[in-house]
Amino acid sequence: MESIRIKGAEALLRALLEEKVDTVFGYPGGSIITVFDALYSFRDSIRQILTRHEQGAVHAAQGFARVTGEPGVVFVTSGPGATNVITGLADAMLDSTPLVVIAGQVSSPLLGSDAFQETDVVGISLPVSKWSYQVRTAAEIPWAVARAFYIAREGRPGPVVLDITKDAQNEMTDYVYEKCQFIRSYQPNPDLDQTAVEEAAALINGAKRPFALVGQGVILGEAEEALKAFLTKADIPAGATLLGLPAVAGGFPLMKGMLGMHGNVGPNRKTAECDVLIAIGMRFDDRVTGDLKTYAKQAKIIHFDIDPAEIEKNVKVDVAVLANVKESLPAVTALLKEASHKDWVDSFKEHEDEEWQRVIEPEIHPTAGPITMGEVINMVSEKAAANAVLATDVGQNQMMACRYFKLQSNRSLVTSGGLGTMGFGLPAAIGAAIGAPEREVCLFTGDGGIQMTIQELGTIMEYKPAVKIIILNNKFLGMVRQWQELFFRERYSSTILQNPDFPMIAAAYGIPGRKVVKREGLAEAIDELFATKGSFLLEVEVEENGMVYPMIPAGTNVDNLIFGD
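Small disclaimer: the values here were computed from a predicted structure and weren't measured. Counting restarts for each chain: residues are numbered from 1 in the order of the written sequence. Whole-chain, interface and lining totals are the exception, using all residues; otherwise, since this is a predicted model, local features are given only for residues with pLDDT of at least 70 and side-chain atom pairs are given and counted only at 80 or more. The side-chain values count all of the structure's non-hydrogen atoms but skip hydrogen atoms and water molecules.

Visitor: Would you take a moment to explain the state of the cysteines for this structure?
Guide: A covalent bond between the sulfur atoms of two cysteines is referred to as a disulfide. Two cysteine sulfurs form what is called a disulfide whenever their separation falls within 2.5 Å. All chains considered together, the criterion is met by 0 disulfides. No disulfide involves Cys442; its sulfur sits 13 Å from that of Cys402, the nearest cysteine. A 1.4 Å probe rolled over the protein chains alone gives each residue an accessible area, and that area as a share of the maximum for its type sets the label: buried under 20%, exposed over 50%, partly exposed in between. Take Cys442: its relative accessible area is 0%, and that puts it in the buried class.

See below:
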């Protein structure tokens, strides 16, 4: 393969093109300026999205990655530029989102001298990334980029960091690119163990009350159809984790709802009644399990996962099936007997009816009083396109949106799961809209979360992605207020908010908006939201003391479930 003589910065951009990168998010600065200068010559092939803050850049890259399935790419400078992406790296690490973050660094001779804007980026980012590496020569750049994308994509996806010194960006090198296909010390896809497959199938074939827990691993493994075939053949009802919800979007009859603290009643109660519990691409997060001492003690447990570190990290299992679920699920399905568990599947209905009467119906169809969060979300969902993407911030708006927005297609949820990052919603929605411009992106956010990254309205102003922004304004940090009401004797410490005029702020960025305070104007405002081309900000004043029910208090179990009526 013939080489060409170029600067390290150009080598970086050529390497990104080899990895099919056409969009990067970021913010320039002194230690990355050589890359941005080179980018000027590549502006017809690589689109640079200038966010208004580095945290906005990394969350936008996450949103882009969630809807496209490809790594989001971020350029930032050294020092504060690099440290400002750490929250996004931690978020991406917990939620298995592929990112390649490229940070500038001071020149090699200055390393360790406390030079201007020098920080130990590798040391800081190692705990929250799959791989973090400092590049000190231009010759290393193609190798490092190839390795970074391989690690970010393969196996359980996640974020990687390249810290590239200024001299490496500026010096000349003989550029040749070879894609990474193998790393001796990294086995991203474990070999499927046929004995584990047979043991899992035997347990399922002998089950009278099997129940499946569906996680995001199904989506990351592109195993949605394999999952449906597996559940259908053995007639297994299922519940989904927050991030696993789109895996069976669109009304699949065996999907019984969301698991966890604010999940649906049936899936949570049946976890404590099943005789075989089948975890598929999920990690037994504490918000799903509650008290581990009492979690599913009556059941035999099978765990399908690609990451051996997740096996028995939290829950002891009887059979572990290590592999990409796209491979392991069909292997087990082939050994399953055609089964019917009609009485077991039908037993979810009484819990669905109870939840509808006590929680859902009053929330989405209130007959009086203030506008409710669920009412707004349900109305927006009914108007949204079938392939719409739901983006959320974190808190009550997130839980309500994931309960009441009807997900109809794959890769349709962009939310911060494991880290619970307030401020995630707006920039992530922007990244999703840039990554999937043909899809509607509906963002639900609270009056607290929106203000953490509200400057990214400037990114909307400049690049014109179409984001339908719905602020559910209850004048509180709602989820913290809910805990204060339930568990801290209504001592509302630092949760009451004084808010600005959100539509006026949007107008300053050239984004049309509207505020609704009465139910009578809600339907018309939602019609305007969708009728408006491009982005629109709709602020809705909702009940100040709204609660997300049902709720299982942290650290307890389903026996402590609260309905709130």
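Visitor: Please explain the domain arrangement of the chain as it appears in this structure.
Guide: By a widespread convention, an interface's size corresponds to the accessible area lost as its parts come together. What fixes the domain bounds is an automatic or database domain assignment. When the domains of the chain are assigned, the result is domain 1 (4-175), domain 2 (194-346) and domain 3 (365-541). Here the C-alpha centroids of domain 2 and domain 3 sit 31 Å apart. Across the contact, 16 residues belong to domain 2 and 17 residues belong to domain 3. Between domain 2 and domain 3 the total buried area reaches about 1300 Å² when both faces are included, carbon and sulfur atoms providing 64% of it. Of all residues in domain 2, the largest losses of buried area upon contact with domain 3 belong to Leu242, Pro246 and His262, amounting jointly to 40% of the total for that side. Here a polar contact is taken to be a pair of N or O atoms separated by no more than 3.5 Å, where protein atoms must pair a possible hydrogen donor with a possible acceptor and residues adjacent in sequence count only if both atoms sit in side chains. Across the domain 2-domain 3 interface, the total number found is 4 residue pairs in polar contact (both at pLDDT 80 or more). Three categories are distinguished: nonpolar for Ala, Val, Leu, Ile, Met, Phe, Trp, Tyr, Cys and Pro, charged for Asp, Glu, Lys and Arg, and polar for the others, with Gly belonging to the last. Class assignment of the residues belonging to the side of domain 2 that touches domain 3 gives a composition of 9 nonpolar, 4 polar and 3 charged. Contact criterion: two residues are considered in contact whenever any of their non-hydrogen atoms come within 4.5 Å of each other. Buried area: the sum, over both parts, of the accessible surface (1.4 Å probe) that disappears when the two are put together.

Visitor: What should I look at first to understand the sheet that holds strand β17 (residues 441-446) in this one?
Guide: Should DSSP find at least two bridges between two strands, the strands are taken to pair. The helix count covers DSSP runs of H or I at least four residues long, the strand count covers runs of E at least two residues long, and both are numbered beginning at the N terminus. Across the sheet, which stays open at both edges, the 6 strands sit in the order β16-β15-β17-β18-β20-β19 with parallel pairing between neighbours. Two strands close off the open sheet at either side, each with one partner strand: β16 (413-414) and β19 (513-516). As paired elements, strand β15 (residues 389-392) and β16 share 2 bridges and run parallel to each other. In the strand pairing of β16, Ala391 is matched with Val414. Only the stretch in contact is used when a helix axis is fitted, and all axes are lines through C-alpha atoms; the angle between N-to-C directions ranges over 0 to 180 degrees. The sheet strands contacting helix α18 (residues 396-404) are β15, β16, β17 and β18 (467-473), and the helix crosses β15 at an angle near 160 degrees. Sheet contacts for helix α19 (residues 425-435): β15, β16, β17 and β18; angle to β17, the most-contacted strand, approximately 175 degrees.

Visitor: In this structure, what is going on with the environment of Ala279? I would like to understand it.
Guide: Structurally, Ala279 is set in strand β12 (residues 276-280). Distance in space between the C-alpha atoms of Ala279 and His303 is 4.8 Å, their sequence separation being 24 residues. Apart from the residues within four sequence positions on either side, Ala279 is in contact with Leu213, Phe284, Ile302, His303 and Phe304.

Visitor: Could you clarify how one ought to interpret the environment of Glu350 in this entry?
Guide: Within the secondary structure layout, Glu350 lies in helix α16 (residues 348-364). The class of Glu350 is exposed, set by a relative accessible area of 54%. When the C-alpha positions of Glu350 and Val265 are compared, they lie 9.8 Å apart, and in sequence the two are 85 residues distant.

Visitor: I keep staring at the pairing of strand β20 (residues 536-541) and nothing clicks. Help me out?
Guide: Remark: a regular strand shows side chains that alternate across the two faces of the sheet. Taking burial as the measure, the 6 residues of β20 include 5 buried ones, the bulk of the element. When β18 meets β20, the two strands line up parallel, connected through 6 bridges. When the bridges of β20 are listed, Ile470 appears paired with Leu538. Inspection of the sheet shows β19 paired to β20 by 4 bridges, in the parallel sense. Of the residues in β20, the one forming a bridge with Gly513 is Leu537. We call a crossover right-handed when, viewed with both strands directed away from the observer, the connection leading from the first strand over the helix to the second proceeds clockwise. In this region the chain leaves β19, passes through helix α23 (residues 522-531) and returns to the parallel neighbour β20; the handedness of that crossover is right-handed.

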